[in-house]
Amino acid sequence: MKRLRSLIPTFVMLFLLVVAAGVAVWLWSAGDEMAVQTEAGQTGQATGTGTPAIGGPFALTDQTGKRVTEKDFTGKYMLIYFGFTFCPDVCPTELQVMSGALDELGADATKVQPIFVTVDPDRDTPEVLARYVKQFNPRLVGLTGSAQDIAAIAKEYRVYYEKVKDDSSSDDYSMDHSSIIYLMGPDGGFLTFFPPGTSPEKMAEKIKSLIQ
Ligand code: NI
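Description of the structure in this document. In this text the structure is predicted, and so the values were computed from the model without any measurement.

About the criteria used
- Position numbers for residues count from 1 along each chain, tracking the sequence in the order it is written.
- For a predicted model such as this one, the threshold for reporting local features is a pLDDT of at least 70, and the threshold for listing and counting side-chain atom pairs is 80 or more; totals across whole chains, interfaces and linings nevertheless cover every residue.
- To get the side-chain values, take all heavy atoms of the structure and skip hydrogens and water.
- For each structure, a 1 Å grid was placed over the protein atoms alone; sets of points admitting a 1.4 Å probe that cannot get out are labelled cavities, open sets with protein on both sides within 12 Å along at least five of seven lines are labelled pockets, and lining residues have an atom within 4 Å of a point.
- Grid points are joined across faces, edges and corners, and a volume is the space filled by probe spheres set on the points.
- Each residue is assigned to one of three groups, with Ala, Val, Leu, Ile, Met, Phe, Trp, Tyr, Cys and Pro labelled nonpolar, Asp, Glu, Lys and Arg labelled charged, and all others, Gly among them, labelled polar.
- Here, nonpolar core means buried Ala, Val, Leu, Ile, Met, Phe, Trp, Tyr and Cys residues that are tied together by side-chain atoms lying within 4.5 Å of each other.
- For each residue, the accessible area found with a 1.4 Å probe, counting protein chains only, is set against the maximum for its type, and the residue is called buried under 20%, exposed over 50%, and partly exposed in between.
- Should any heavy atoms of two residues lie within 4.5 Å, those residues are considered in contact.
- An axis is simply a line fitted to the C-alpha atoms; with a helix, the fit covers only the stretch in contact. Between two such axes, the angle follows the N-to-C directions and lies from 0 to 180 degrees.
- Under the DSSP-based scheme used, a helix requires at least four consecutive residues in state H or I and a strand at least two consecutive residues in state E, with every element numbered from the N terminus.
- For classification purposes, angles smaller than 35 degrees are called roughly parallel, those larger than 145 roughly antiparallel, those between 65 and 115 roughly perpendicular, and all remaining angles oblique.
- By the definition used in this description, the sense in which the near helix is turned from the far one sets the handedness, with an anticlockwise turn below a right angle giving left-handed and a clockwise turn giving right-handed.
- Donor selection uses N, O and S atoms within 2.8 Å of the metal (3.2 Å for Na, K and Ca). Since no water is included, sites may look incomplete.
- Between 30 and 60 degrees the pair is tilted, below 30 it is stacked and above 60 it is edge-to-face, where a pair is any two Phe, Tyr or Trp rings, Trp via its six-membered ring, whose centres lie within 6.5 Å.
- Only Lys NZ and Arg CZ are tested; either one counts as a charge over a ring when it is within 6 Å of the ring centre and within 35 degrees of the ring normal.

## Overview of empty space enclosed by the protein
1) Next: Applying the stated criterion across every chain, the model contains 1 cavity of 30 Å³ or more.
2) Next: Approximately 30 Å³ is the volume attributed to the largest cavity.
3) Next: In this structure, the largest cavity is lined by L95, M98, S99, L102, P114, F136, N137 and L140.
4) Next: Within the lining of the largest cavity, the residues separate by chemical class into 6 nonpolar, 2 polar and no charged.

## A few points about the nonpolar core
1) Next: Formed by 52 residues in total, the largest nonpolar core has its most connected members in L79, F82, V117, Y157, Y182, M203 and I207.
2) Next: Once residues lying within four places of it in the same chain are set aside, the contact partners of Y157 are I54, G55, G56, M78, I80, F82, Y182 and M184.

## What to know about the packing of helix α2 (residues 90–105) against helix α5 (residues 200–211)
1) Next: The N-to-C vectors of α2 and α5 enclose an angle of 55 degrees; their axes lie 8 Å apart at closest approach. Here α2 is positioned oblique relative to α5, judged by the angle of their axes. Where α2 crosses over α5, the handedness of that crossing is right-handed. Across from V97, M98, G100, A101, E104 and L105 in α2, the residues of α5 making contact are P200, E201, M203, A204, I207 and K208.

## Looking at the coordination of the nickel ion
1) Next: Within the first shell, the nickel ion binds the protein through C87 (SG), C91 (SG) and H177 (NE2), at distances of 2.1 to 2.2 Å.
2) Next: Mapping the donors of the nickel ion onto the primary sequence yields the spacing C-x3-C-x85-H.
3) Next: A relative accessible area of 8% means that C87 is categorised as buried.

## With respect to the packing of aromatic side chains
1) Next: This structure, assessed with the given rule, holds 7 aromatic pairs.
2) Next: Here R123 stacks its cationic end above the ring of Y173, 3.8 Å away from the centre of that ring.
3) Next: Across from the ring centre of Y173, 4.3 Å away, lies the NZ or CZ of K163, which sits over that ring.

Taken by themselves, the reported measurements are silent on function.
In structure tokens form, the structure reads like this:
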């Protein structure tokens, strides 16, 4: 009896330790979940200091069926947006803003290559992209590829996308995706990004300040 009584505080201590460890693990996993949600958000907020690691090499197919890599755009600023041609409103709006910004830039626009990368390669073949991109800007390049190609570039550009069920769509699915326009430098390095709602004038102003 005496021995047992002296053991009780030890049991209590062990119990508290287990509870504390459990709480720590729970907090840690909740933190992870929050980070994922932030990444998937539409706000396009780049946090932290320094230049975010956005961008990198890619190998995709353009709207003419030609294989292209990031090297094909070396020496030009890339204004790059990820979306899909079936998108009812967000993608067309953002592509119009990109096109409007290029109009605002005037002669400087030739230094900037507008690029649309699909996150829906199943439907967005080069032919579909060819019909789509010319509606926005004659210089807009549309890029597609295999599911793996798209996953690779989306990861590099930290673009979230996901197939979601949508009964109103003819193919029963739509794509959820983050909506951020990136400006990359002539060496392919990240310069800045434009969140949804940026006006063509603001975008042109910012691009102008960065390319001169
Ligand atoms: Ni869209």
